[in-house]
Amino acid sequence: MPFLRRLLDQSKIPLSVGEFWKYSFGYWGIFALITLWQLTMLWLMREGAPMEYHEMFIWLLDGLFWWSTTPLILYASLKIPLTFKLRKSGLMLPILYHLLIVTFLNLLINTFHYFVTNPLMYLAVGKAVPLEKYIFSFFMAYTGSVGQYLLLVLGFNKVSYIYLYQELKQQHFETELNNEQLRGQLANAQLQSLKMQLNPHFLFNTLHAVVSLMIKNDIRKATRMITTLSDLLRAVLVNQKADYIPLQEELKLTRQYLDIQQIRFQDRLKVTYDIDPATELYPLPQLILQPLVENSVTHGISDLTTNALIQIITSMDTNGLKIEIYDNGIGANQRKPSKGMGMGLENTILRLQQAYGDKASLIFEQPSQGGTIVTLHINGQPKTKTHDEALLSDHRR
């Protein structure tokens, strides 16, 4: 039955047509057995009155009638729901509608009995039921039929609402998961875009330094710088598809960059590292530290003629990862997170926001004794890395 299949699909109850008829038969069968028990008690209480088989026949027809009208009743329950959560208006008007429907069905079955069943019984057994008995039966059975009808409507509304809610919840979860995946893909694309901006910027600055050495006719240093740059670019390409790399890998790239700078400054620049082993596997966006150390070189120690120092210190505690980059440069007010800091630093700030949101911070300090300290603090994992797993975990709970 296409109508019944559409009805079940609309209610979201996972039943086949066969299961629907089986369960509805069981529902009406319970009340039919109760009615049969009542009739049996009446037969037993009537003195000397034998059990009338035509009354059993009417009882059977009544049960089959209500069973066959189940799809109509459930259709009415979907169109005129009786649960507060499915309606914005009051309940009096829908209750009135359902009372009219159940009254019509009662009139219909009694009319059928009077004009169809009654003549057939007269032909079969020579007896007919008077009109008065049908009217009496209508009023006597009306209360019970209304209760059975409303119980079915309310129960179907409730079960349908539960399955509808579960489906909407599942759809909402899938939509949220899809949105988070799209946001993660967008974040990854933005990170890749920022990295693509950073690599040419870094490459330009390094090649500019090579050109400067060649102009000074320092071919040996220029050759060493190009060779070291080649090693650095090769290491970058190895991880080009990775959104995040361990801190120990990021430090290798940073060392290679500073090796290039030490070729440029020679004995004027000293670089020291104090790396906490607990921080080495922490995930970071690739080349996130390079602009910071480049800033230390360009705006810090570039004007020093001797004893230039850059220190990189990492630590891990309950507040997360902490990376400090110190230089003993001039410590002027050039070190501020503004447009004056150049594209590399702005890019770094954007990448941190994209990767960690408000869980990452970048602080610039100029101690009174001189120099500059840049502190990168991260308290949490990259948001684009674990958010989907968190959603799935919440959904399972």
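Our subject in this report is the structure included herewith. (Residues numbered from 1 in each chain as written. Predicted model: local features only at pLDDT ≥ 70, side-chain atom pairs only at ≥ 80, totals over all residues. Heavy atoms only, no water.)

Regarding the nonpolar core
A general tendency of soluble globular proteins is for nonpolar side chains to be buried together. To keep it simple, the criterion reads: Buried Ala, Val, Leu, Ile, Met, Phe, Trp, Tyr and Cys residues form a nonpolar core when they are joined through side-chain atoms within 4.5 Å. Relative accessibility under 20% of the residue-type maximum defines a buried residue, over 50% an exposed one, and the middle range a partly exposed one, all with a 1.4 Å probe and only protein chains included. Contacts are residue-level and defined by heavy atoms, with any inter-residue pair within 4.5 Å sufficient.
Grouped together as the largest cluster of nonpolar side chains are 46 residues, with contacts concentrated most on L258, L284, L289, Y356, L362 and I378. Those residues within four positions of L258 in sequence are excluded, and the remaining contacts are V271, Y273, V293, V297, I310 and I312. Within the second largest apolar cluster, 24 residues are counted, among which are F20, W28, F65 and V146.

Here's the deal with the packing of aromatic side chains
We apply this condition: Side-chain rings of Phe, Tyr and Trp (the six-membered ring for Trp) are treated as a pair once their centres are within 6.5 Å; stacked means planes under 30 degrees apart, edge-to-face means over 60, and tilted covers the remaining angles. Helix and strand definitions here come from DSSP, where helices need a minimum of 4 consecutive H or I residues and strands a minimum of 2 consecutive E residues; each element is numbered from the N-terminal end. Placement of a charge over a ring requires the Lys NZ or Arg CZ to be within 6 Å of the ring centre, with the centre-to-atom vector within 35 degrees of the ring normal.
As enumerated under the stated definition, the model contains 10 aromatic pairs in all. Aromatic pair F25 and W67: ring centres 5.4 Å apart, planes at 80°, arrangement edge-to-face. Pair noted here: F25 is in helix 2 (residues 17-45) and W67 is in helix 3 (residues 53-68), with a separation of 42 residues, a long-range link. With a relative accessible area of 25%, W67 lands in the partly exposed category. Measuring from ring centre to ring centre gives 5.1 Å for Y27 and W28, while their planes differ by 85°; the resulting arrangement is edge-to-face. By relative accessible area, which is 18% here, Y27 ends up buried. The buried category is assigned to W28, whose relative accessible area is 6%. Here the aromatic residues Y27, W28, F31, F65 and W66 are joined through ring pairs into a cluster of three or more. One residue, K22, lies across the ring of Y23, its end atom 5.4 Å from the ring centre.

Remember that the coordinates give geometry; whether it matters functionally is a separate question.
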